Structure formats: structure tokens, C-alpha cells
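Overview (structure and organization)
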Amino acid sequence: NESNSFSMRSIFMLVFVLRLLILLTLPSVKARPSDYVPPDDCLWSDCNVTEFMPLIENYFVDCCQLEVPLNYAKVNGTKIVISMTRLTPLNATHATRNTLFFLTGGPGSSGWTAMQYIPILFPYDYGLTIILPDHRGVGLSTPLACDDHG
């Protein structure tokens, strides 16, 4: 048992030293909160979708696109577009200043896949403005694929 105890202490010390070496040799990357904020506002306009546009009763539908880094560790590298769809109640008497971001499940789900259910889940007379973001790589966002490294 004494040899097991010695062996466990040795393993613990080895792991500790390796972790310390890794931490000391890795370059430190310090991100500022401003690195994660898109430089441009989201400008809402027509969705410019030529294929099927679902009928959304009592809601006005518009879209915007935000340009963001593909890799936030390389904020000045390749940029991609994240698309969002906004549904605003048409009847101004029911409009509130409340906004709900509705995230669909993933991976692979787009906000557009949930659009047909919005009037059922959130009737226009609730007065909510609904934002449906398209996750990275799906819907109206920039398509993505894995590289050769997985």
C-alpha cells in the first residue's frame, strides 16, 4: 500500500508540473469586451429571400445581417454573416417594448424553421417583437463546413 501511495503522489506531482509548464509556455491572449461587439449596427430591411417565405399572420417580417469573426480568437481574420429575422406585431395597439429572442435547437436549426410556429406560440396580441437568429452556418447566415482537420 505504501508503494501505491508513493505512486499516486508521483503521478499527482507529474501532472501538476506538466500543467504548470503548459500554463507558463502558452501565449496569453487577452480579449477586450469590445473585440466581441460587431462594429456595425444591425440594419433591418427586406429579407431578400427568393424561395418560400412563410405567411406569418399579423406580423411584419424583416431581416438584418451582422458581420462577425469566424474565430473570435482571431477577430481580425475571416468574417462571416449572422442573419436574424424580426417579427413585429402589425397592430400598433398591441405593440409593447418587449423583445423576445427565440433560439431554435441545434445544431443545424435555423430561425426560419420556427417561423411558422411563432403565431401559435406568441399570438400577435401579446405585443412581443420576436427575433429569430440563424445560428452560424445555417439559414440565411454564411454557410460553414468543417476543414480537413475536423
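Structural data are supplied above this passage.
Residues numbered from 1 in each chain as written. Predicted model: local features only at pLDDT ≥ 70, side-chain atom pairs only at ≥ 80, totals over all residues. Heavy atoms only, no water.

**Describing the sheet that holds strand 2 (residues 79–89)**
Worth spelling out the cut-off: Should DSSP find at least two bridges between two strands, the strands are regarded as paired. Secondary structure elements follow DSSP: runs of H or I of four or more residues count as helices, runs of E of two or more count as strands, with numbering from the N terminus. Helix axes use the C-alpha atoms of the stretch in contact, all axes being lines fitted to C-alpha atoms, and the angles between their N-to-C directions lie in the range 0 to 180 degrees.
Spatially, 1-2-4-3 is the arrangement adopted by the 4 strands of the open sheet, whose pairing is mixed. Every other strand in the sheet has two partners, leaving strand 1 (59–69) and strand 3 (99–101) as the edge strands with one partner each. Direction aside, neighbouring strands of the sheet carry axes that sit 20 degrees apart on average. Sheet topology note: the strand 2/strand 4 (residues 129–133) ladder contains 4 bridges and is antiparallel. By the bridge assignment for strand 4, T85 is matched with L132.

**Here's the deal with the nonpolar core**
Note the cut-off: Here the nonpolar core consists of buried residues drawn from Ala, Val, Leu, Ile, Met, Phe, Trp, Tyr and Cys, with membership extended through side-chain atoms lying within 4.5 Å. With a 1.4 Å probe rolled over the protein chains alone, any residue whose accessible area is under 20% of its type maximum counts as buried; one over 50% counts as exposed, and the rest are partly exposed. Note on contacts: a residue pair is in contact if any heavy atoms of the two residues lie within 4.5 Å.
Formed by 13 residues in total, the largest nonpolar core has its most connected members in Y59, L87, I118 and I130. Of all elements in the fold, only strand 1 and strand 4 reach the threshold of two or more residues within this core. When near neighbours in sequence (up to four residues on either side) are disregarded, L87 contacts I56, Y59, F60, V61, M115, I118, L128, T129, I130 and L132.

**Let's talk about the pattern of salt bridges**
When their charged atoms lie close together, side chains carrying opposite charge are able to pair. Here is the rule: We count a salt bridge whenever a side-chain nitrogen from Lys or Arg sits within 4 Å of a carboxyl oxygen from Asp or Glu.
Overall, the coordinates contain 1 salt bridge when judged by the stated rule. Here D62 ties to R86 by a salt bridge, and the two come within 2.5 Å at their closest N and O atoms. Here D62 is found in strand 1, whereas its partner R86 is found in strand 2, with 24 residues between them in sequence. What makes D62 buried here is its relative accessible area of 5%. Note on R86: relative accessible area 22%, which makes it partly exposed.

**Let's talk about the pairing of strand 2**
Of the pairings in the sheet, the one linking strand 1 to strand 2 comprises 11 bridges and is antiparallel in character. Bridge assignment links V61 to a residue of strand 2, and that residue is L87.

**Examining the side chain of D62**
Basically, it comes down to this: We define a polar contact as two N or O atoms separated by no more than 3.5 Å, with the added condition that, inside protein, one atom must be a possible hydrogen donor and the other a possible acceptor, whereas residues neighbouring each other in sequence contribute only through side-chain atom pairs.
Within the local environment of D62, its side chain forms a polar contact with the side chain of R86, the two groups lying 2.5 Å apart. Residue contacts for D62: discarding those within four places in its chain leaves W44, S45, C47, M84, T85 and R86.

**Observations regarding the environment of Y126**
Here Y126 is to be found in the loop between helix 3 (118–121) and strand 4. Y126 sits 37 residues away from P89 along the chain, and the two C-alpha atoms are 8.7 Å apart.

**Quick notes on the side chain of D134**
With respect to the element layout, D134 can be found in the segment after strand 4. Excluding residues that lie within four positions of it along the chain, D134 makes contacts with I82, S83, S110, G111, W112, G139, L140 and S141.

Shape descriptors only; they carry no functional weight alone.
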